[in-house]
Amino acid sequence: MPKKRSGGGLSPTQQAAKFLGVSVLAGAVMAGIALPAAGALGLAAKGSVQSFDEIPANLKSPQLSQRTTILDNQGKQIAAVYSRDRTVVDLKDISPYIQKAIVAIEDARFYQHGAIDLKGVLRALNKNAQEGGVAQGASTLTQQLVKNYFIEEAGDDPTKVAEATQQTLGRKIKELKYAIQIEEKLGKKKILENYLNITFFGEQAYGVEAASQRYFSKPAKDLNLQEAALLAGIVQSPSRYDPVNDEAEATKRRNTVLQRMADVGDISQKEADQAKQTPLGLHPSQPKNGCITAVKGAGFFCDYVRDVVLNDPVFGKSKEARAKLWNQGGLTIRTTLDPQAQDSVQASIKQHVYQSDPVATAATIVEPGTGKILAMGQSRPYGFGQNETQINLSVNSNMGGGAGYQPGSTFKPIVAAAAIEGGKSPTQKYPSPYEMTYPSPVQACDGKVWRNDPNNPAKLTNENESEHGPMGMKEATAKSVNTYYVQLISDIGICPVTEMAKKMGVQRADGRAIDQAPSIALGSQEMSPLTMANAYATFASRGMYCTPVAIESITQKTGSEEKSLQVPKSTCSRAMSEKTADTISTLLKGVVEDGTGQQAGLGDRPSAGKTGTTDERFAAWFVGYTPNMAGAVWVGDPAHKRHMTNITIGGVYNDKVYGGQVPGPIWRDMMTGALSGKPVEDFNLIDIPDDTKGDGQGKGQGGTDGGKNGDSTGGIGGLIGGLTDGGTVDGGTLGGGTTGDTTGGVFPTPTFSLPGNFVQGQGNGGTNGNGFGGARG
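Residues numbered from 1 in each chain as written. Predicted model: local features only at pLDDT ≥ 70, side-chain atom pairs only at ≥ 80, totals over all residues. Heavy atoms only, no water.

Structural notes on the sheet that holds strand E14 (residues 608–613)
Part 1: One open sheet holds the 5 strands; their spatial order is E5-E4-E16-E15-E14, and the pairing between them is antiparallel. Only two strands of the sheet have a single neighbouring strand rather than two, namely strand E5 (373–378) and E14. When strand polarity is set aside, the average angle formed by the axes of neighbouring strands in this sheet is 5°.
Part 2: Relative to strand E15 (residues 619–626), E14 runs antiparallel, the two sharing 6 bridges. Bridge pairing links Gly 612 to Trp 621 in E15. (Pairing = 2+ DSSP bridges. Helix = DSSP H or I, 4+ residues; strand = E, 2+ residues; numbered from the N terminus. Axes fitted to C-alpha atoms, helices over the stretch in contact; angles between N-to-C directions.)

Dropping the structure here:
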């Protein structure tokens, strides 16, 4: 007696043999009856069996693509993203009504037959022969499940999708063999569960849970009879029976399903008639997919998280493997985003820079010692409309950002750190005149030397004529004195500065190497706010640089199981000694208390930072930190076209924009809110004697005018540096004294520009930083 399966029907071998025999006799493969003409198949029985046997024996169920949920560091949702909106649920969490409805309308004999419904095949063949075309199909739910597996594996590749759905005999035979295998392995209940989770219900909803939420805003376990009938009817043609766009057609289809349920005895005729009289009862929810839906203005941070997954090798050895992981979804990503800090950043941005302003702002906060990105926001929101953008203005180009922006004088502390780490004292004095020619030659890396153009030597100036030396590092940093820092980098060489920048994670936003030119001291190289915030976090953590991280943990749901995935960890390394970092903090604390960054001060909470204003005012910055948070604020035109003069920003008119004037208050307000309730910590300060004007300590560089302390090494220092011990000469233009003590104003202004050919061999100077681009205030 033939062996029966527990679910009913013949054994797999008997099913295959009988199926193929009937196929040949009927002139077509039964599962492929939707093909247009049996005579065109040309398949002999021998060929059918051979093709069937050559198909691999095992079909692996694909990991169904699901939505990925991105959370902040408190576990609250930021955004949901997905390639396909799907939430996989167990059969026990699916309403019995939808289970019965889908079986009734798609495969009423599901529980009586095996993988192939031979009665259904013969019935369909007869019907199609009478109609002279394709009037009826005969695929079982199991065969449809296999077809959906093929489509799921194809993903969003149109070529693979076409192959997965093509009406060919080869695909139908493959579908048949795998259907038999699945029936044997899974059983009816699991097949039905998988089918309900994989099927497309229209309106971007894959699987019954997403469909129930989409059309009725409720979980699938709560679907009533008429709601279940509606969803079951959509499956045959999601576009034709879309209830959102064609209520009448959807209603007719729903009533067809209800009648079918009555015909097969799942419900009574009375229940069916009553349900037919009810309205559709739609309570649709709009599809919410992607970082554009992120809360708290965190769309760009959400994008950054996605780019981490797509780019970091920890998530896969190849780009394709990482993309597959992201598109399959089912991830729960807990990030480093701090909701308090993020709210504060967004509130400060909204107050100080309007979305409609001719320039934009971007701000980032990181945690010193961990590299955790706590907040990331900008004034032009994530979107496609006017004054919106998809470019993350806070990050490098390889992570969804632009080409970056010249950081101006916010780069000067990196020069100071390189000098101090190399043995220079913070009391080191230079003549620091109001105006000077770039010193030349200057030692660069690998034995190379930078030289000024003797025929057209580049010059630079400070903010105004009262701002001059000699002076030491403390005063020069507080006042952001350009000529001091150019002399400093010329003294120590360019290579120690670029090496220090590398240790602090400072790199150009476009990925190019930092130029080997002394103008880098003035911030001529385009960088991103995240880069600058994380670099200053190195000072805050007393010299330890930690790579930035955005992800704390990831779990991936596979079926009913969840597993933890490995995530990138911050790598910390010592960039400088604690003493060097503490010295920089002491210098930058002075900037906030007495220098160009006074408008950024945090009151009773100790803070340190530096202003930056680029040549021609294309950008203005404030970068600063406390011991427990570091942040960067940039303001400017992302297109690098709008000079920030005679401009209204956030409803406030500015004749000229300075780093301490617009970015400074943004930084102050965002940090105040982010730090509210956090411990008040102080820096480990270093005693740096106040600069004393006219003490003859300036390092003369040659010439008989070097004064009694000049060292006769040649160069511009001999013109100014070795003056007498603070006599009347010091009160004039060249020295300190009464006139020299003038601070030069709270806001330093870059008032010089350099010829485009200043950098030897670059040939592309100017404001974009390939050459020098002008002074940095």
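There's plenty left to go through after this.
Remarks on the pattern of salt bridges
Part 1: In this structure the tally under the stated criterion is 25 salt bridges.
Part 2: One salt bridge in this structure joins Glu 475 and Lys 479, with 2.4 Å as the shortest N-O distance. Taken together, the residues span about one helical turn, with Glu 475 and Lys 479 both in helix H17 (residues 473–479) at a distance of 4 residues.
Part 3: Through salt bridges with shared partners, one network takes in Arg 84, Arg 86 and Glu 152. (Salt bridge = Lys/Arg side-chain N within 4 Å of Asp/Glu carboxyl O.)

Examining empty space enclosed by the protein
The probe, sized like a water molecule, is rolled over the atoms to show the empty space still left.
Part 1: Applying the stated rule across the entire model yields 2 cavities of 30 Å³ or more.
Part 2: In this structure, the largest cavity encloses a volume near 40 Å³.
Part 3: Among the residues making up the lining of the largest cavity, the classes are represented as 3 nonpolar, 3 polar and 1 charged.
Part 4: As a volume, the second largest cavity reaches approximately 30 Å³.
Part 5: What lines the second largest cavity is simply Glu 367, Pro 368, Gly 369, Thr 370, Gly 371, Asn 534, Ala 537, Thr 538, Ser 541, Met 544, Tyr 545 and Cys 546.
Part 6: Of all elements in the fold, only helix H20 (529–540) and strand E10 (544–546) reach the threshold of two or more residues within the lining of the second largest cavity.
Part 7: When the residues that make up the lining of the second largest cavity are grouped by side-chain class, the tally is 5 nonpolar, 6 polar and 1 charged. (1 Å grid on protein atoms, 1.4 Å probe; cavity = no way out; pocket = protein on both sides within 12 Å on 5 of 7 lines; lining within 4 Å. Points joined across faces, edges and corners; volume = space filled by probe spheres on them. Nonpolar A, V, L, I, M, F, W, Y, C, P; charged D, E, K, R; others polar.)

In short, shape yes, function no, at least from these values alone.
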